[in-house]
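# Structural description and commentary
Given next are the chains, with one letter for each unit.
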Amino acid sequence: METVFDSAVLPAHERAEAFEDAAAQTLVTTRIEVVDPATFGGRMEALLLGPAQLTRLSYGALLSQRTPRMIRQSDPEQYQVGLIRRGGPQGIDQARRTARLAPGDLIFYDSSRPFDCYAEAGPWTRSESILLQFPKQLLPLPDSRLAGLLARPLPGTRGAGRLLAGFLTTLADEHGSCSPHDAARLGHVLLDLAAATLAHHLDSDLPSAARTSQDVLYLRITSFVERHLRDRELTPAAVAAAHQISVRHLHRLFQRHGTSVCAYITSRRMDLCRRDLADPRLRRVPIGSIASRWGFPDPSQFTRAFRRCTGMSPSHYRGLTADRPRTWRPA
């Protein structure tokens, strides 16, 4: 795992704001208020699992809010499955539902809907949790049915939930022995376990969730794309050649997932451009440099594409997200 935040390297007055920055970069944009800034501490470690990500977190008592405005500005369109490992009472409000959580509970929520989370002080100095996040399109269950599981405590101590919780814990604790190839394959297994657990609580036999070789191939290809988004030569032909399949086969594969190769690449690059434009630490970096970094060498072409995607120019978007100066730098 890569450590993306550790409060131990910061003075107390910078920790809360820095934790909010790290959460925006690693998870999703939220507004975070800590209960006691003088004593707050936290740590965040992330492990890429192909197109999914596993994050291990520890944190003091806090409130976290994701607003409709934040969603309009940047939404990775991901689901999150969290496991509470230890700490005081915690909870989340989403989709007009409130879940109060304790250690051993699993929780499912959606980056595209507003939510409020809290963690209260408990017998431990910090609470701990593990979070799996992944693109919605990788979960073979209908959104309309999954909405019924949002912000509902799911037991992680029995049945399918126990298997999922055990796998999350083991992978988070034993990640050091995993190669990048292992991580991608284990991500596939973890997604299957998450789908099976959610399907169990929907009283579904999950007939469409059995992954075929084509699903595995799609996971490998999207993982490859994520690692090469900076490469200007990342074309359908290059992606197909890297996986020893025809371009036609590649296009059919992405069509099965409701998109195209070029649209997927452009969408992910645009997500990263939006992330960097909203990052106060990159405020002095020219917009053209950010665009070029993520595969848009032509500034006018980037501006047109950005406007189609967000409804505003890159400079306007950057201005809207310039809420206040930030001082933290990653360790």
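As a reminder, the structure under discussion sits directly above these lines.
What counts, and where the lines are drawn
Residues numbered from 1 in each chain as written. Predicted model: local features only at pLDDT ≥ 70, side-chain atom pairs only at ≥ 80, totals over all residues. Heavy atoms only, no water. Axes fitted to C-alpha atoms, helices over the stretch in contact; angles between N-to-C directions. Helix = DSSP H or I, 4+ residues; strand = E, 2+ residues; numbered from the N terminus. Parallel < 35°, antiparallel > 145°, perpendicular 65-115°, else oblique. Contact = heavy atoms within 4.5 Å. Nonpolar A, V, L, I, M, F, W, Y, C, P; charged D, E, K, R; others polar. Left-handed = near helix turned anticlockwise from the far one by under 90°. Pairing = 2+ DSSP bridges. Buried < 20%, exposed > 50% of the residue type's maximum accessible area, 1.4 Å probe, protein only. Core = buried A, V, L, I, M, F, W, Y, C linked by side-chain atoms within 4.5 Å.

### Observations concerning the packing of helix α9 (residues 261–277) against helix α11 (residues 299–310)
Look at α9 against α11: their axes get within 11 Å of each other, and the N-to-C directions meet at 90 degrees. With respect to α11, the element α9 is oriented roughly perpendicular. Along its contact with α9, which presents M270, C273, R274 and L277, the element α11 presents F302, A305, F306, C309 and T310. Taken together, the residues that form the contact of α9 with α11 break down as seven nonpolar, one polar and one charged.

### What about the packing of helix α4 (residues 159–173) against helix α5 (residues 180–201)?
In the contact formed by α4 and α5, the axes pass within 9 Å of each other and the chain directions differ by 155 degrees. It follows that α4 is roughly antiparallel to α5 by the angle criterion. The handedness of the crossing between α4 and α5 is left-handed. Between α4 and α5, the residues in contact are A160, G161, L163, L164, F167, L168 and L171 and L186, V189, L190, L193, A194 and T197, respectively. Split into classes, the residues belonging to the contact of α4 with α5 amount to 11 nonpolar, two polar and no charged.

### Considering the sheet that holds strand β10 (residues 115–119)
Pairing is antiparallel across the open sheet formed by five strands, whose spatial order is β2-β5-β10-β7-β8. Taken across any chain shown, the strands that pair with only one partner, and hence form the sheet edges, are β2 (31–34) and β8 (97–101). The average undirected angle you get between the axes of adjacent strands in this sheet is 10 degrees. Where strand β7 (residues 90–94) lies against β10, five bridges are found, and the strand directions are antiparallel. Bridged to G91 within β10 is Y118. Sheet contacts for helix α1 (residues 12–26): β2 and β5 (62–66); angle to β2, the most-contacted strand, approximately 150 degrees.

### Quick notes on the pairing of strand β4 (residues 52–59)
Where burial is concerned, most of β4 is hidden: eight out of the eight residues are buried. Both faces of β4 are covered, namely the face carrying A52, L54, R56 and S58 and the face carrying Q53, T55, L57 and Y59. When strand β3 (residues 42–49) meets β4, the two strands line up antiparallel, connected through eight bridges. Bridge pairing links L48 to Q53 in β4. Across seven bridges, the pairing between β4 and strand β11 (residues 127–135) is antiparallel. Within β11, the residue paired with L57 across the bridge is S129.

### Comments concerning the sheet that holds strand β12 (residues 154–155)
Pairing is antiparallel in the open sheet, where seven strands are placed in the order β1-β3-β4-β11-β6-β9-β12. Lying at the two open borders of the sheet, with one neighbouring strand each, are β1 (2–6) and β12. Contacts between α4 and the sheet are confined to β3, β4, β6 (78–86), β9 (105–110), β11 and β12, with β6 contributing the most and set at about 80 degrees to the helix.

### Observations regarding the nonpolar core
In terms of nonpolar packing, the biggest core is built from 63 residues, with L54, F108, L139, L146, L168 and I221 touching the most fellow members. Considering every element that reaches this core, the biggest residue donor is α5, with eight residues. Not counting chain neighbours up to four residues away, the residues in contact with F108 comprise Y79, Q80, V81, L139, L146, L149, L150, A151 and L198. Core analysis: the next-biggest nonpolar cluster, separate from the first, contains 27 residues, L27, V28, A99 and I107 among them.

These results come straight from atomic positions and should not be treated as a statement about function.
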